[in-house]
Each structure stands twice: as C-alpha cells, then as structure tokens.
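Read off the chains here:
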Amino acid sequence: MSKTLVNAVLLLVLGICCASTTAAADNPAGLYVGGAIGQAQVAAVANSASFSPYGSDAAAAFKENHSAFKVTVGLRSTSIVGAEMAYIDFGHPSESLFNYPSDASIKGAAAFGMLYLPVPNVDLYLKAGAAHLQSRLSGVVPYLPICAGCAPPRFQQDRANTSGAGGAGAQVKFGALAVRAEYERFSAAGGNPSLLSVGVTWSFV
C-alpha cells in the first residue's frame, strides 16, 4: 500500500482527533452527498479449468493495489444512526497470471447502516451492510502453443455477487462540510477487495 496515502490518512485522522470543539458542530438529521479517493486492494483467483481446452487445473492468484474512487449519498436520521449508499470503482490494476500479463477490475454499489459513536469533537462511526460487485479478470490462456506472429488466445472471467461489507471511519464537521477518512472491506467472487480513502461530504440541513 502506498506510504504516501497511508501517511495522508494518518495525518487526517490525527487532525480529526485533535479538532477543536468549534469545528464539531451539532449533528442534526439530514441528507448528505459526498465523494472520496483512495487506494484499493484488488484480489482475484483464476483457475484454468474454466477456460483451458486441455482441462488444466492450474490456478493463479492476482493481488494488486490501485487508485480508486467512490461517490456517496446518505441520510443521518438521528445523531447516532444513519444509512448510506455508495458507488465504488476499485480501479483497473494489471499484474501477471500464469507468467502472462493480465488485468482485473471491480466496481459496484453498496448500502450501509451507520452507527455514530458519541465521542466529543469528532464523529467516529461503524458501518455494515451489503454490496453488489461486478468483477472482471482477463489474461492469456496458459499452456497453449502459440504460432509465430499470432496473438495469444485470451480468457475473460466475469463475475457478479452480492455479499457483506463493513468498515469504520472518522470525520470532523465544519458546518455543512465534513472531512472523513475511512477503511472498508468487501466480499467479492474470487477475492476480498478493500478500500482506504479520504473524502468530503456536504449536508443539506
């Protein structure tokens, strides 16, 4: 994981935790929208039995970090309870599978219930819910003879599933604007992507 991003998140969390009381306004109910950027870890597994004409049972794993983003809309129904929906794009990293170049992508939507902890001067929160993620893994079919000048045959695995997701974060409010840092982890077919991000939200109160 990028040391620059980790350091940025740590500095933001430190700044949030040291924020003054004047920056931590009341938390009335209201609708908000937001966005965030960060670094995701994308993981996937390819089993050549699903695409090799020779029925090979060889498997290879893909795990790579990549820049990511998300957009959110949420409703804080009380000072301690809320709900949030997000669209997340985990990026499009490239790696090597079966000693050939390959690439992967994961994106989708998530819905969370939010629990805000009653901590002075800062919002600490936990989130749990479900995500519907679509993943794509592509690369070169291994163990096939390749003629000179011919493009190697490629495979593509598309998967979609709905499963659990959760995370935790911290935010500090400056009126309608809030700055937050959070970590989220998801379950997905072939891997368990995660996202470390920093972002902002704007409340309509």
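Each chain has its residues counted from 1, following the order in which its sequence is written. In keeping with the predicted nature of the model, local features appear solely for residues at pLDDT of at least 70, side-chain atom pairs appear and are counted solely at 80 or more, and the whole-chain, interface and lining totals rest on all residues. To get the side-chain values, all heavy atoms of the structure are used, and hydrogens and water are removed first.

Quick look at the pattern of salt bridges
Inclusion rule: By definition here, a salt bridge exists when the distance from a side-chain nitrogen of Lys or Arg to a carboxyl oxygen of Asp or Glu is within 4 Å.
Within the structure shown, the criterion is met by eleven salt bridges. One connected set of salt bridges, linked through shared partners, spans Lys-70, Glu-84, Lys-127, Arg-180, Glu-182 and Glu-184.

Focus on the environment of Gln-171
To be explicit about the condition: Where helices and strands are cited, they refer to DSSP runs of H or I of at least four residues and of E of at least two residues respectively, numbered from the N terminus. Whether a residue is buried, partly exposed or exposed follows from its accessible area with a 1.4 Å probe, protein chains only, as a fraction of its type maximum: under 20%, in between, or over 50%, in that order. Polar contact criterion, stated in full: a pair of N or O atoms within 3.5 Å, where within protein one must be able to donate a hydrogen and the other to accept it, and residues adjacent in sequence count only if both atoms are side-chain atoms.
Its place among the elements puts Gln-171 in strand E7 (residues 154-174). Classification of Gln-171 by relative accessible area gives buried; the value is 4%. Sequence separation between Gln-171 and Val-200 is 29 residues, and the spatial gap between their C-alpha atoms is 8.8 Å. Within the structure, the side chain of Gln-171 is placed 3.3 Å from the side chain of Arg-180, a separation counted as a polar contact.

Some remarks on the packing of aromatic side chains
As a reminder, the rule being used: Ring pairs shown here join Phe, Tyr and Trp side chains whose ring centres sit within 6.5 Å, with only the six-membered ring taken for Trp; geometry is labelled stacked below 30 degrees between planes, edge-to-face above 60, and tilted in between. A ring is scored as having a charge over it whenever the NZ atom of a lysine or the CZ atom of an arginine sits within 6 Å of its centre and within 35 degrees of its normal.
By the definition in use, this model includes three aromatic pairs. Their ring planes at 85° and their centres at 5.4 Å tell us that Phe-90 and Phe-186 sit as a pair that is edge-to-face. Taken together, the positions of Phe-90 in the loop between strand E3 (81-89) and strand E4 (94-97) and Phe-186 in strand E8 (residues 177-186) put the pair 96 residues apart, joining distant regions of the chain. A relative accessible area of 0% means that Phe-90 is categorised as buried. When the centroid spacing of 6.4 Å and the interplanar angle of 65° are considered together, the rings of Phe-112 and Phe-186 count as edge-to-face. On the criterion of sequence distance, the pair formed by Phe-112 in strand E5 (residues 100-117) and Phe-186 in strand E8 is long-range, its members being 74 residues apart. Phe-186 shares its class with Phe-112; the two are buried. One aromatic cluster is present, built from ring pairs that chain together Phe-90, Phe-112 and Phe-186. In this arrangement the basic side chain of Arg-76 is found over the ring face of Tyr-116, its NZ or CZ atom lying 3.6 Å from the centre. Looking at Lys-127, its charged tip hangs above the ring of Phe-112, at a distance of 4.4 Å from the centre.

Describing the pairing of strand E2 (residues 59-76)
For clarity, the cut-off: Between any two strands, pairing holds if DSSP finds at least two bridges.
For strand E1 (residues 30-47) and E2, the ladder comprises 18 bridges, and the chain directions are antiparallel. Considered in E2, the bridge of Tyr-32 is made with Gly-74. Two strands pair when backbone bridges link them, and E2 and E3 are joined in this way by eight bridges, in the antiparallel orientation. Following the sheet pairing, Lys-70 is matched in E3 by Ile-88.

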